[in-house]
Structures are given as structure tokens and as C-alpha cells.
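# Notes for the structure review
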Amino acid sequence: MNTKNTKVNIPDWIFNPGLDSGDRTGGFTSPATKPNESDVEILIREAIQNSKDKITSNTNILNFNIRFYELTNKNKENFLKKIKWSSLHQHIYNASNESSNLKENNILKEGLKNINSKTKPLRILVLEDNICKGLTGDDEDENGNFNLLTKTDYVTPETSKRGGSYGVGKTKILNCSSIRTLLFSSIPIDNEKRKQNKKDVRLFGRCILPTQKINNKTFHSAGYFGLSDKDNKKAISFYDTNLSKDILVERDLSTTGTTIAVVGFHEPKHSSTNRSIGTIIEDLDHAIQKNYWPILREGLPNNVKLNVRIEHYVNGEIQKNNSRLIDDITKKDFENFSKALINQNNQKNVSTPISSTVVKIPFQIPERVKSGPGIAKHKSFKTELELCIYRSDLTMMHSKFKNMCAFIRGFGMVVKYETTKRKPIDPLPFFAVLKVGNAKSDTEADLNDAEEDFFRLIEPELHNDWVTTDNYQQNFDKKISPNTLIEKLKYDISEKIYELCGFEVSENKNGPQPLSKKLAIGKGSSGKKERGG
């Protein structure tokens, strides 16, 4: 829908009317998470993944920005006025007093309490990508990025090149809003195609609430911030560069992409502590390097380079001590995985410190019985995965990531860290990387694409494991269990690492010697066995 000539000074919140059937909803449903994953880690995994899916074809760099805002007094009042808080507040307040979802109601009540507080700052988290496609398509274009991000849940276009496959990325972001409200701005790559100026900034907002009543009128789950259509029944997106500045989703007009503001930022897992922004930024830094170190340093074939800038503002003033640029690996844990990935010194084995090697692990890809966009049906075939191992020194003995294998495919995000069942004989820690699909260094493109497709479709919605999924069942031979294949793969990895770590080739005629002998375990300084007491 073209809204170029529509007045842009009267956007407001418009909520869907109650259903004629009388059906009610409890509002937003928090996503399932693992106990050891923080809210910001899940959020940043999904946000960067979504942006990488939308990078334009004329760049190999993803510049991603994260901004934290804390607003008090007049700054807070002005922001709330610009997002029509008086209108939105009424819906949230009434929804928080519904009995359909007590957990959600309590979250909304706490969010309102913090925002209405005269002393607490309003926290807003802004996520922004650049040189990406932006929110393309008309409002009702079901295949456009705008509609998919702002108006749908659990819907994603099928393509073999995507990082995700569930359409749940925005739910992880919405989970970090205490009032379940997101604001969007975008300079879409198709602005001119849709009769807009190239640098026009598109705006919209979304709020998900339990069914609520206002003046005996029932409203269903979703509300949208935009201009009213001619029938005053729904909100439509609009263009207003000046307003984008006022509501903190201003964009660099020289680049396309999308900006999302999480209004009333909170961490559900830390709801009782209200951590400082500085502490949250430290966690973000760690999470970015933990999940995306393969593309912070260019170590994968035909992949992008990731740069992340984090900034913290208090009432418009940047807090330099909390702001930083993450454009390389700085944490030793992930530096060691990177050394494995690039096979730093290519040894036959890794029985000594500061050594690396790469070996092949046989694997059987099951038959794909149904074709999809960009991927054809294929018979089962044999392939070889790449296992990269780096042996560190004793300075890394206390690393939480020692003796683990990072699983990665061509998309560049670490799927998971797997602790091997069998440990080396000696105490030297290792750091291993399993490369599958398009992450591999060989050039068999078609086979790598099919391999990448298989591993992508056995990832659950958080993309943090390889298991049997509905996506697999719908497209591959159901008689073959991915769970069984992956358990065998883990065993093979563990045995291969043990083999390469456990022995050192000796120059004497006796051949390989166990490291326990070379370390003279159970012997005195003379090498003779000591008597017991």
C-alpha cells in the first residue's frame, strides 16, 4: 500500500477487534529456552541471524548496531508522548488485569510499574542492521519482509540459504519487552519500486497482549502503531524521518536495512535483579563472540564479515565506558576455536601443545524425498565432514570451553558446543570444530548444499542442536533417524580426538609411547618406579 501522500502526523495504536466467535487469547507466549542460555544471548543469536539472512548481494560485510537507551524525566515523557503512550497504556493496563494468563499479566503489570515510575529510567534496546534489504513489500504482501516481520508469527519463506527455518526470531526479541511492544523503522531496498523516495524511512509498531476490554468493547491480541486506513479498521505503515528520531529508531539515510526498538527492555531470567546496562553489555559481548566467532574473523569460505557496535546512552549522552566495537575475537576461549578452524600449524596429530590438525569424519546423508525451493530431491549419499582440532597449553586448563567441539555449518553461527565423552590421557586441553555443509573448505558445491540443507533442517527452533525435527520428517526419509546418526557422529568425533591427542610419535624404535610414560607418572626423578609408603 502506497502511503506517500498520506498525512504522517497522526499515527496511533489500533488494536484488532474481538473475534465474532468469542475466542480469547492469553497474549504473548514466552519461548522455550535452556537454563544455561541468557535472555540476551538468545536475543542476539536470533537478531544477527535474521539480519544475515537479509544481507544484500553487493556486500560481504554485516554491520550490526546495538544501542541501549535509558530515559528519565522530560526525555522519558517526550518519548512516551511520541509513541502515543496514553492510547497504548490503556490497552496494556486492561490486558494486565485479565485472568486468562496470570504469568503474562504479572509481566505486563511490572512493565507498567517501571514505565510509570517517577524515579526509574525507561529502558529501550535498539537493534539495527545495515546494507541489508530492510522491510520490503507492501503491508499486505505475504512474501515481503515487512509483513513477515511485523504481522506474522511462526511463518518463514523456504530457502536453502537461510540460517533460520521457523520464523520465530522476533518472538525472542519481543520476549525482552516488558510491555510486549516493538517499534520498527526501515529504509527498504525496494523504496523506489514502491513509488517512495530512495531514503524515505518507513515506520510501524506492534504490541501483543491478552484479549482485553475497554468501555465494554473487546479487543483481540495484536495492536499496531501506524496510520488508520480509510475504514479506520487497521493501521498501515507510514514514512516520517523526523518521527524516527523522536522515537529512537533513526537510521543512517545512506544505507538500507531495519531498526527494531524493544520498548521497556527487561530480562525475564533476571527480573528480580534489574542488572546494570554495563553488566548486560559484557554478557552481550561474550554471547556475540561465543555464537559468531567464525565470522568475526574471516575463517569460512564465501561468508560475510561481522562487525557489531554497542552503545549506551543516558538521556542522549553516550556512556563511553560501556560502548565498544566488536570486530574481532578478543576472548581466549574462542580464539582457540578459531586456531582450530584455520588449522594454525597443520600437524599429523595434536599430542603436543600449540598444535593443530584437520581430519575427515565419514557421514551418511539420508535420502531427501521431497524437493524444496533451491534444493532438489536426492538419494542418500556418503560424505566427509571436517574435524579441526587445536591443542592448547596448560594456561587454558580452567576454560569452561576446554575439551569441547563447536558444531558449525556454512551459515557461520555456532550451533552448539559438545563435550566429548572420552578425554585425552594428558591434561592439555583441546578445542575442536566440526565443519559441515558449506563451512567445509572443499569445492563440491552441490553436495555441500545438500549437506548444509540436511543439517539446517535437523535444527530445532533455537538452532542450538541437531536432532530429529518436523522439518526433517516432512522432507527426508523417515526410516532414518537423525538422532541415531548424530549420536554415532559424536562417538566418532570423540574417538578421533582421543586418538590424535593421546599419543606422540617417538623417534626410537619402539614406536608410539603413551604420554603417561613420557610424563613419568608414578616414577621418581630418576625414572625408576617409587616404592609405596
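Our structure is the block above this text.
Residues numbered from 1 in each chain as written. Predicted model: local features only at pLDDT ≥ 70, side-chain atom pairs only at ≥ 80, totals over all residues. Heavy atoms only, no water.

This next bit is on the pattern of salt bridges. Applying the stated criterion across every chain, the model contains 34 salt bridges. Residues E140 and K234 are paired through a salt bridge, measuring 3.4 Å at the closest nitrogen-oxygen approach. Residue E140 is located in the loop between strand 3 (122-130) and helix 5 (145-150), and its partner K234 is located in the loop between strand 7 (217-228) and strand 8 (235-236); the two are separated by 94 residues in the primary sequence. A network of salt bridges, in which partner residues are shared, links K416, E418, D465, E487 and K490. (Salt bridge = Lys/Arg side-chain N within 4 Å of Asp/Glu carboxyl O. Helix = DSSP H or I, 4+ residues; strand = E, 2+ residues; numbered from the N terminus.)

Turning our eyes to something else, we now look at empty space enclosed by the protein. Applying the stated criterion across every chain, the model contains four cavities of 30 Å³ or more. Within this model, the second largest cavity holds a volume of roughly 60 Å³. The wall of the second largest cavity is formed by C405, F407, E418, T419, T420, K421, K490, I493 and S494. Sorting elements by how many residues they give to the lining of the second largest cavity places helix 12 (residues 482-502) first, with three residues. Of the residues contributing to the lining of the second largest cavity, the split by class is three nonpolar, three polar and three charged. (1 Å grid on protein atoms, 1.4 Å probe; cavity = no way out; pocket = protein on both sides within 12 Å on 5 of 7 lines; lining within 4 Å. Points joined across faces, edges and corners; volume = space filled by probe spheres on them. Nonpolar A, V, L, I, M, F, W, Y, C, P; charged D, E, K, R; others polar.)

Where helix 8 (residues 277-296) meets helix 9 (residues 332-341), the axes come as close as 10 Å, and the angle between the chain directions of the two elements is 15°. Viewed along their axes, helix 8 and helix 9 adopt a mutual orientation that is roughly parallel. Note that helix 8 runs across helix 9; the crossing there is left-handed. Side by side, helix 8 and helix 9 meet where H286, Q289, K290 and W293 of the first sit next to F334, F337, S338 and L341 of the second. (Axes fitted to C-alpha atoms, helices over the stretch in contact; angles between N-to-C directions. Parallel < 35°, antiparallel > 145°, perpendicular 65-115°, else oblique. Left-handed = near helix turned anticlockwise from the far one by under 90°. Contact = heavy atoms within 4.5 Å.)

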